[in-house]
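Close look at the chain arrangement
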Amino acid sequence: MKLNDQKSIAVLPFRDLSVDGSNEFICDGISEEIINALAKIDGLKVISRTSSFFFKNHKASLDEIATKLGVAILLEGSAQIHDGKIRVRAKLIDVEEDTHFWSETWDRKLENIFETQDEISLLIADKIREQYGHLNISSQLVNSPTKSVSSYEHLLKGRHHFYKWNPEDTHLAIEHFEKSIALDEELVEGYLGIADSYSFMAVAGFAPREEAWQKSIAAIASAKNLDPDHAGLNYMLGMQYFFTEADFARAMQYGMRSLAAKPTYSEAHQFVSFLHSIKGDFKKAWEHIHFAKSIDPLNPETKFYEANYYYRVGENNKAKETLNELLEANDKNLPAILVNIYILIQEHQLELACQTIDKIPEQALTPDERLGLFALIDAKDGKSTTHLQKLEKHAQEPEAHHAHAYLFLTYANLGRYDDAFSVLEKLFESTSSILLLAFSDPLGVPIHSESRYLEFHTRVYPKIGEKTKVKKARQSDHTITKEQVEKIQTYVESERPYLNPSLTLRSLAEQVEIHPNQLSWLLNESIGKNFNEFINHKRIEHFKQLVLDPDNSHISLIGLAYESGFNSKTVFNTAFKKEVGMTPKEFQKSQA
């Protein structure tokens, strides 16, 4: 997706104005739905939830937030719920100008929450298009996930607890997700919430691994029966096939299906980048991680995948720089610690690598993982030690995945290639994702030039056709005729709709009987102005005529501006100075 930095927005978490602060989960839900809705618009850069919510309860200035997120526009909002009704306020802020250029308040019934979210999202999109340039906007941006508001509330409560990333809240999240599907058994998002929660518990070690994975897989299967094309579902299927089946091909297929359903899905871009990087297709890996970084720059996972990319491609200094950022934020970030150790081993800083391993808490690493690291360090030093002997003994167990992975890398560094390839066969026998990761790891470089390795590479990473393309605007929307432009110009000159301060692009489109997307494109691409520039130009020309008329000498300049269609002194002065090159007062004096 081609992104225009000017057309870039971060939706900050809406504030809960309820007296007891008990509706924070609904405010979070509104923010998230608007993010998802705006992300559907091609050409609009929308920061993902994780990075936007980084600033929840944060005291950073708006300029600092915008700089860190790389956006030109911020959306701030709040919600207040009382007696079955919801009041939502929102405003759009132009960061460079340090002004809000639009604000609105909605009073709606809570039971109409989905329609309200759609209404808000469409209006926000319209205002961005009017201010910053052409966007193709669908007639609907928010689809109702359920007909049950109670089910939706449990879904939001589940997400609210899940995003706290601890075992206690995850158990509460599961309870709410289960209540959500009890009220609506067709709520796909509820099943995916359950699946996500159990997979997190399994990976983090907060629940028995096999039991948690089985529950996650069962929930995924239920979601798949309801909506096989769901972006979140296909992302989870991709993760499942990689980490539980060691099936690279299926993992990639589902990752790409996820992006086909939602081209701006940052987690799917991270995952697909990771798959490309372990395959060695670094150009594609960079494209995906670069996009993920552009819309989710503060997500620790984005940074880890970026660091992993640099490690895989051999840019260790960049990898270490990114890893250090992660470790400064969380010195217990085990994946970051491990990749840092791999780099130390690769760079032959073996003593420092040993010291780093010794600092890792005993329970954080499996015994085979710790043993394997020391065996690999010995091999890098050209030694075959008792560490290797113990590792070989442990690797006799079929499910000793860490032992297999480190044994392969150790043999590769000792030049024992026959033994290394013998270990690789276990990749197909025991479906080990850990061995799959080790297979192409830079630490195994000594074996990568072997012809047998290339044969394995073809077996492990079969060719997969990538059919996913980011959707482009239909050519019919961009059809331009001289007659259409003349129709717009003639209507505006004769009917002077710009004198109405409430004029919008959609209302003008209705008046000239042209689709809003088509009108937007014609204004920007043929006339060369966005909607606001076009209309403000007409208003300024009208103002000039009024200010030069002696009959209007008793009316103030701002009064004449209001008669010309402006409804804001600031907007009038800014637009006038930008177009004419002087203030309205200076212009008036120059004509005297």
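Predicted model, so just to flag it, every value in this text is computed and none were measured. (Residues numbered from 1 in each chain as written. Predicted model: local features only at pLDDT ≥ 70, side-chain atom pairs only at ≥ 80, totals over all residues. Heavy atoms only, no water.)

1. Some thoughts on the environment of D126
Heads up, the condition is: Strands are runs of DSSP state E lasting at least 2 residues, helices are runs of H or I lasting at least 4, and numbering of each runs from the N terminus. Residue burial is assigned from relative accessible area. The probe radius is 1.4 Å, only protein chains are included, and a residue is buried under 20% of its type maximum, exposed over 50%, and partly exposed in between. In what follows, residue pairs with any heavy atoms lying within 4.5 Å of each other are defined as contacts.
By the secondary structure assignment, D126 is in helix α4 (residues 113-132). For D126, a relative accessible area of 6% puts it in the buried group. Setting aside chain neighbours within four positions, we find D126 in contact with I137 and R506.

2. Here we look at helix α24 (residues 451-460)
Each turn of an α-helix holds 3.6 residues, which means side chains three or four residues apart point in the same direction. Short version of the rule: What the arc covers is the set of directions going from the helix axis to the C-beta atoms.
Considered for burial, the residues of α24 that qualify are Y453, F456 and V460. One side of α24 holds all its buried residues, which, seen down the axis, span an arc of 60°. Counted as exposed and oriented over 90 degrees from the buried face of α24: S451, E455 and T458. Each element contacted by the buried residues of α24 is listed here: α10 (248-261), α20 (417-424), α21 (426-429), α22 (433-439) and α23 (445-448).

3. Some words on the packing of aromatic side chains
This is how the line gets drawn: A pair of Phe, Tyr and Trp rings is counted when the ring centres sit within 6.5 Å of each other, with Trp represented by its six-membered ring. The angle between the planes then sorts it: under 30 degrees is stacked, over 60 is edge-to-face, the rest tilted. By the criterion adopted, a ring carries a charge over it if an Arg CZ or a Lys NZ lies within 6 Å of its centre and within 35 degrees of its normal.
All told, the structure shown has 33 aromatic pairs when counted by the stated rule. On the basis of an interplanar angle of 50° and a centroid distance of 5.9 Å, the ring pair of F439 and Y461 is categorised as tilted. Of this pair, F439 sits in helix α22 while Y461 sits in the loop between α24 and α25 (482-495); the two residues are 22 residues apart in sequence, bridging distant segments of the chain. Looking at F439, the relative accessible area reads 0%, which means it is buried. A network of ring pairs unites the aromatic residues Y235, F242, F243, Y265, F271, F274, F304 and Y305 as a single cluster. We note R49 situated over the ring of F53; from NZ or CZ to the ring centre the distance is 4.0 Å.

4. Details of the nonpolar core
Using the following cut-off: Among buried residues, those of type Ala, Val, Leu, Ile, Met, Phe, Trp, Tyr and Cys that are joined through side-chain atoms within 4.5 Å constitute a nonpolar core.
I9, L38, L75 and I124 are the most contacted members of the largest nonpolar core, which totals 143 residues. Apart from residues no more than four positions distant in its own chain, I9 is found in contact with L38, L44, K45, V46, I47, V71, I73, L75, L92, I124 and I128. Grouped together as the second largest cluster of nonpolar side chains are 17 residues, I488, A509, L522 and L523 included.

5. So, the confidence of the model for the protein chain
We count it as follows: Each residue carries a pLDDT value, the predictor's own confidence for that position, ranging from 0 to 100.
Mean pLDDT over the protein chain: 91, with 97% of residues reaching 70 or higher. Throughout residues 467-478 the model reports pLDDT below 50, and contacts reaching past four residues in sequence, or to other chains, amount to 18 contacts.

6. Some points on unusual backbone geometry
One non-glycine residue, D83, lies in the positive phi region at around 55°. The backbone phi angle of D98 is positive, close to 60°, even though this residue is not glycine. Residue position: D98 is located in the loop between β5 (85-94) and β6 (99-109). On the basis of relative accessible area, D98 is assigned to the exposed category, the value being 63%.

7. Observations regarding the packing of helix α12 (residues 282-295) against helix α13 (residues 300-313)
This is how the line gets drawn: The angle between two axes is taken between their N-to-C directions and runs from 0 to 180 degrees, where each axis is a line fitted to C-alpha atoms and a helix contributes only its stretch in contact. Under this scheme an angle from 65 to 115 degrees is roughly perpendicular, one under 35 degrees roughly parallel, and one over 145 degrees roughly antiparallel; angles in between are oblique. Handedness of a crossing follows from how the near helix is turned relative to the far one, being left-handed for an anticlockwise turn of less than a right angle and right-handed for a clockwise one.
Closest axis-to-axis distance for the α12/α13 pair is 10 Å, and the angle between their directions is 155°. What the angle tells us is that α12 and α13 run roughly antiparallel. The element α12 and its partner α13 pack so that their crossing is left-handed. Along its contact with α12, which presents F282, A285, W286, I289, A292 and K293, the element α13 presents T302, Y305, E306, Y309, Y310, R312 and V313.

8. Section: the environment of D378
Position of D378 among the secondary structure elements: in helix α17 (residues 367-380). C-alpha separation for the pair D378 and S199, spaced 179 residues apart in sequence, amounts to 35 Å. Setting aside anything within four residues of it in sequence, one finds D378 in contact with K383, T385 and H387.

9. Quick look at the environment of L135
Along the chain, L135 falls in the loop between α4 and α5 (149-162). On the accessibility criterion, L135 (2% relative accessible area) is buried. Between the alpha carbons of L135 and T366 there is a distance of 52 Å; along the sequence they are 231 residues apart. For L135, the contacting residues outside a window of four places in its chain are K7, I41, D42, G43, L44, A125, I128, R129, N517 and S520.

10. Some remarks on the layout of surface pockets
In plain terms, the rule: Both site types are read off a 1 Å grid over the protein atoms alone. A 1.4 Å probe that fits but cannot get out defines a cavity, while an open set with protein on both sides within 12 Å along at least five of seven lines defines a pocket; lining residues have an atom within 4 Å of a point. Grid points are joined across faces, edges and corners, and a volume is the space filled by probe spheres set on the points. Each residue gets one of three labels, nonpolar for Ala, Val, Leu, Ile, Met, Phe, Trp, Tyr, Cys and Pro, charged for Asp, Glu, Lys and Arg, and polar for the others, Gly among them.
In this model, the second largest pocket occupies a volume close to 1200 Å³. As for the second largest pocket, its lining consists of 36 residues, of which F101, Q131, N532, N536 and V571 are closest to the centre. When residues of the lining of the second largest pocket are traced back to their parent elements, those giving at least two are β6, α4, α28 (531-548) and α30 (569-580). Tallying contributions element by element places α28 first for the lining of the second largest pocket, with seven residues. Residues belonging to the lining of the second largest pocket are distributed by class as follows: 12 nonpolar, 15 polar and nine charged.

11. A look at the pattern of salt bridges
Note the threshold: The term salt bridge refers to a side-chain nitrogen of Lys or Arg lying within 4 Å of a carboxyl oxygen of Asp or Glu.
All told, the structure shown has 30 salt bridges when counted by the stated rule. As a salt-bridge pair, E325 and K303 come within 3.4 Å of each other at their nearest N and O atoms. Note that E325 is positioned in helix α14 (residues 316-329) and K303 in helix α13, a separation of 22 residues in sequence. The class of K303 is partly exposed, set by a relative accessible area of 22%. D331 serves as the salt-bridge partner of K332, at 3.8 Å between the closest nitrogen and oxygen. Both residues of the pair, K332 and D331, belong to the exposed class. What you see here is one network of salt bridges that share partners, running through E24, D28 and K56.

12. Notes on α25
Keep this limit in mind: To estimate the expected span of a helix, subtract one from its residue number and multiply by 1.5 Å.
With 14 residues, α25 ought to run about 20 Å at 1.5 Å a step, and its terminal C-alpha atoms sit 20 Å apart, in line with that. Those residues of α25 lying buried are V485, I488 and V492. For α25, the angular spread of the buried residues around the axis is 65°, confining them to a single face. Relative to its buried face, α25 has exposed residues pointing more than 90 degrees away, namely K482, E483 and T490. For α25, the elements touching its buried residues are α27 (516-527) and α28. At the exit of α25 stands R496, carrying a positive phi of roughly 50°.

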